[in-house]
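Read off the chains here:
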Amino acid sequence: MKCSRCRNKAIIQNPKLCKVHFINYFENKVKETIRKYRLLDRKERICVAASGGKDSTSLLLVLKRLGYNVFALAVDEGIPKYRKQKMKELKRFCKDNKIKLRIVSFKEEFGKELHEVIKNKNIHPCTICGTLRRWLLNKYSKGFDKIATGHNADDEAQTILMNLLKANTNFFFRQGPITGVSRKGFTQRVKPFYFLKEKEIKLFSFLNNIAEDFVECPFITGSFRDKVRKELNNYENTYSGTKNNILKNYLKLKERVKIEGDTNYCRLCGDPSANEECKACSLVKQLF
Ligand code: SF4
Ligand code: ZN
């Protein structure tokens, strides 16, 4: 199989590209998303939500290569073995690429690690972890112009479906390459990998030697996201283009609605919130 742009051997089938042209295609897709949705500016200070995984580490690399002013911010929730290994890889990557890194942890912030609070609790770890990670990223990104996350097309199609299936009307239209309008208390979030497939990021990170392994968090198994992910992958295998169609239609729909931000603020932390206390503060009160 030959590359569709030169005579070299293709390393990916759809699109058919060799190593050089694949990296070129990948970086151009990121540039195009940034340009089309006005995600970033080279004068801005950009905080990349880094986890040590393939997506956020690839994002750090691409944004740095494209000349953006990036810093890495990581949250260590305390997931035995898994996060320690990821933080080790991230530290090495940031050192090699001269990127400043800050690690904040559940232990220092809330007094306990994730694995300590989930024992005998009828609540999935991802619910606690996702909410508190977002809260910490927002807290420690104050002073930056944007938070960039490594969410890809697969993640986004899953999130749209998950919100639909759970009737999360509050969150449904708060997705997309740039989330929400800039509002007091929130650092604006951008997703330069919005239109890249998970397998494309996997290949990019492999070609750039930036992820030692593709091990996933042990808690993903059995989560609602995991179930939706599997179903969506089955669908995509049978009806190619399903994920892309979800994103395309979602963005079309989103253009037509006016999104109202929360006008209340949490009485404990001051973040924008629909209720008197935000979800993060009530989880901390309840579990830590
Ligand atoms: Fe946290 Fe769940 Fe993601 Fe693991 S899979 S890092 S527990 S949100
Ligand atoms: Zn709060």
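The residue count restarts for each chain, going from 1 along the sequence in the order it is written. The lettering of chains begins at A and the numbering of ligands begins at 1, in the order of writing. For a predicted model such as this one, the threshold for reporting local features is a pLDDT of at least 70, and the threshold for listing and counting side-chain atom pairs is 80 or more; totals across whole chains, interfaces and linings nevertheless cover every residue. To obtain the side-chain values, all non-hydrogen atoms of the structure were included, while hydrogens and water were left out.

Asker: Please explain the overall build of the protein chain as it appears in this structure.
Answerer: Only DSSP runs of H or I covering at least 4 residues are called helices, and only runs of E covering at least 2 are called strands; the numbering of each starts at the N terminus. A count of helical and extended segments in the protein chain gives twelve helices and eight strands. In terms of overall size, the protein chain behaves like a compact globule, its C-alpha atoms giving a radius of gyration of 19 Å where 288 residues would be expected to give roughly 19 Å. Expressed along its principal axes, the backbone C-alpha trace of the protein chain runs to roughly 60 × 45 × 40 Å. Looking at the 288 residues of the protein chain, the share that counts as buried comes to 49%. Any pair of residues with heavy atoms lying within 4.5 Å of one another is described as a contacting pair. A separation of at least 24 residues holds for 69% of the contacts in the protein chain among residues at least 6 apart in sequence. Carbon together with sulfur atoms contributes 50% to the accessible area of the protein chain, which is approximately 15,800 Å² in total. Charged residues are defined here as Lys and Arg on the positive side and Asp and Glu on the negative side; His and the ends of the chain fall outside this count. Charge positions are represented by NZ for Lys, CZ for Arg, CG for Asp and CD for Glu. Taking the 59 positively charged and 31 negatively charged side chains of the protein chain as two groups, their mean positions are separated by 3 Å. Here the globule rule is a power law, 2.2 Å times the number of residues to the power 0.38, and the radius of gyration is based on C-alpha atoms. Type-normalised accessible area, obtained with a 1.4 Å probe on protein chains alone, sets the label of each residue: buried when under 20%, exposed when over 50%, and partly exposed for intermediate values. In short, Shrake-Rupley with a 1.4 Å probe defines the accessible areas, and a residue's cover is counted only from the protein chains shown.

Asker: It is not clear to me how the packing of aromatic side chains should be interpreted in this structure. Could you clarify?
Answerer: For any two aromatic rings, the description comes down to two numbers: the centre-to-centre distance and the angle of the planes. What counts as a ring pair is set by centres within 6.5 Å for rings of Phe, Tyr and Trp (its six-membered ring), and what kind of pair is set by the plane angle: stacked under 30 degrees, edge-to-face over 60, tilted for all other angles. Counted by the stated rule, this structure contains 15 aromatic pairs. Note on F22 and Y25: the rings are 6.1 Å apart at their centroids and 35° apart in plane angle, and the pair reads as tilted. Of this pair, F22 and Y25 both sit in helix α1 (residues 19–36), three residues apart, which is roughly one turn of the helix. With a centroid separation of 4.9 Å and 75° between ring planes, the pair formed by Y194 and F195 is classed as edge-to-face. Lying over the aromatic face of F71, R45 brings its terminal NZ or CZ to 4.9 Å of the ring centre. A cation over a ring is seen here: R45 above F144, with NZ or CZ 4.5 Å from the ring centre. By definition here, charges over rings are those cases where NZ of Lys or CZ of Arg is within 6 Å of the ring centre and within 35 degrees of the ring normal.

Asker: Quick question: what am I supposed to make of the site of ligand 1 here?
Answerer: Close contacts around ligand 1 come from E77, I79, R83, C126, C129, C217 and F219, and that covers them all. Grouping the amino acids of the shell around ligand 1 by side-chain chemistry returns five nonpolar, no polar and two charged. To be near a molecule or strand, a residue needs just one of its heavy atoms within 4 Å of it. Amino acid classes used here: Ala, Val, Leu, Ile, Met, Phe, Trp, Tyr, Cys and Pro are nonpolar; Asp, Glu, Lys and Arg are charged; the rest, including Gly, are polar.

Asker: I tried to follow the coordination of the zinc ion (ligand 2) on my own but got confused; where do I start?
Answerer: By definition of the ideal shapes, four donors in a tetrahedron about a metal sit 109.5 degrees apart, and six donors in an octahedron sit 90 or 180 degrees apart. Only nitrogen, oxygen and sulfur atoms qualify as donors, and only when within 2.8 Å of the metal (3.2 Å in the case of Na, K and Ca); with water excluded, sites may look incomplete. Coordination of the zinc ion (ligand 2) by the protein involves C266 (SG), C269 (SG), C278 (SG) and C281 (SG), with metal-donor separations of 2.2 to 2.3 Å. Relative to the metal, the four donor atoms surrounding the zinc ion (ligand 2) lie at angles of 105 to 115°, and the coordination shape comes out tetrahedral. All donor residues of the zinc ion (ligand 2) come from one chain, and their arrangement in sequence is C-x2-C-x8-C-x2-C. Owing to a relative accessible area of 4%, C266 belongs among the buried residues under this scheme. Labels for metal geometry use angle windows, namely 85 to 135 degrees for all angles of a four-donor tetrahedral site, and for square planar (four donors) or octahedral (six donors) sites opposite donors over 155 degrees apart plus all others within 65 to 115; sites meeting none of these are irregular.

Asker: Where do I start with unusual backbone geometry in this structure?
Answerer: Working note: non-glycine residues mostly have negative phi, and peptide bonds are mostly trans. N14 connects to P15 through a cis peptide bond whose omega is 0°. Relative to the assigned elements, P15 resides in the segment before α1. Backbone geometry places A167, a non-glycine residue, at a positive phi of 55°. Within the secondary structure, A167 is located in the loop between α7 (153–165) and α8 (169–172).

Asker: What is the right way to look at the packing of α7 against helix α11 (residues 242–255) in this model?
Answerer: Relative orientation and spacing of two packed helices are given, respectively, by the angle between their axes and the distance between those axes. To get an axis, fit a line to the C-alpha atoms, keeping to the stretch in contact for a helix; angles then go from 0 to 180 degrees between the N-to-C directions. Relative to each other, α7 and α11 sit at 65°, their axes nearing to 9 Å. When you trace α7 past α11, the crossing you get is left-handed. Counted together, A153, D154, E156, A157, I160 and L161 of α7 and K243, I246, L247 and Y250 of α11 form the full contact between these two elements. Taken together, the residues of the contact of α7 with α11 break down into seven nonpolar, no polar and three charged. By the definition used in this description, the sense in which the near helix is turned from the far one sets the handedness, with an anticlockwise turn below a right angle giving left-handed and a clockwise turn giving right-handed.

Asker: Is there a simple way to think about the pairing of strand β2 (residues 69–76) in this case?
Answerer: Residues in a regular strand project their side chains so that they alternate between the two faces of the sheet. Of all eight residues that make up β2, six are buried, and the element is covered over most of its length. Sheet topology places strand β1 (residues 45–50) next to β2; six bridges connect them, and they run parallel. Across the sheet, the residue bridging to C47 is F71, located in β2. Classification remark: right-handed applies to a crossover when, strands pointing away from the viewer, the course from the first strand over the helix to the second runs clockwise. Of the crossover connections in this fold, the one passing from β1 over helix α2 (residues 54–65) to the parallel β2 is right-handed. One requirement defines pairing of two strands: DSSP has to find at least two bridges between them.

Asker: Sorry, what's going on with the packing of α1 against α2 here?
Answerer: Where α1 contacts α2, the axes come no closer than 11 Å and their chain directions differ by 80°. The orientation of α1 relative to α2 falls into the category roughly perpendicular. Seen from α1, the contacting residues are I23, F26, E27, V30 and I34; seen from α2, they are V62, L63 and R65. Of the residues assigned to the contact of α1 with α2, the class counts are six nonpolar, no polar and two charged. If an angle is under 35 degrees, it is roughly parallel; if it is over 145, roughly antiparallel; if it lies from 65 to 115, roughly perpendicular; otherwise it is oblique.

Asker: In this structure, what is going on with the sheet that holds β2? I would like to understand it.
Answerer: Strand pairing in a sheet takes place through backbone hydrogen bonds and is either antiparallel or parallel in direction. The six strands lie next to each other as β3-β2-β1-β4-β6-β5, forming an open sheet whose pairing is mixed. The strands lining the two open edges of the sheet, one partner per strand, are β3 (101–105) and β5 (178–179). Here two bridges tie β5 to strand β6 (residues 188–190), and the two strands are oriented antiparallel to one another. The residue of β6 that forms the bridge with I178 is V190. Sheet strands touched by α2: β1, β2 and β4 (146–148). Its angle to β1, the strand with the most contacts, is close to 155°.

What is shown is where atoms sit, not what they do.
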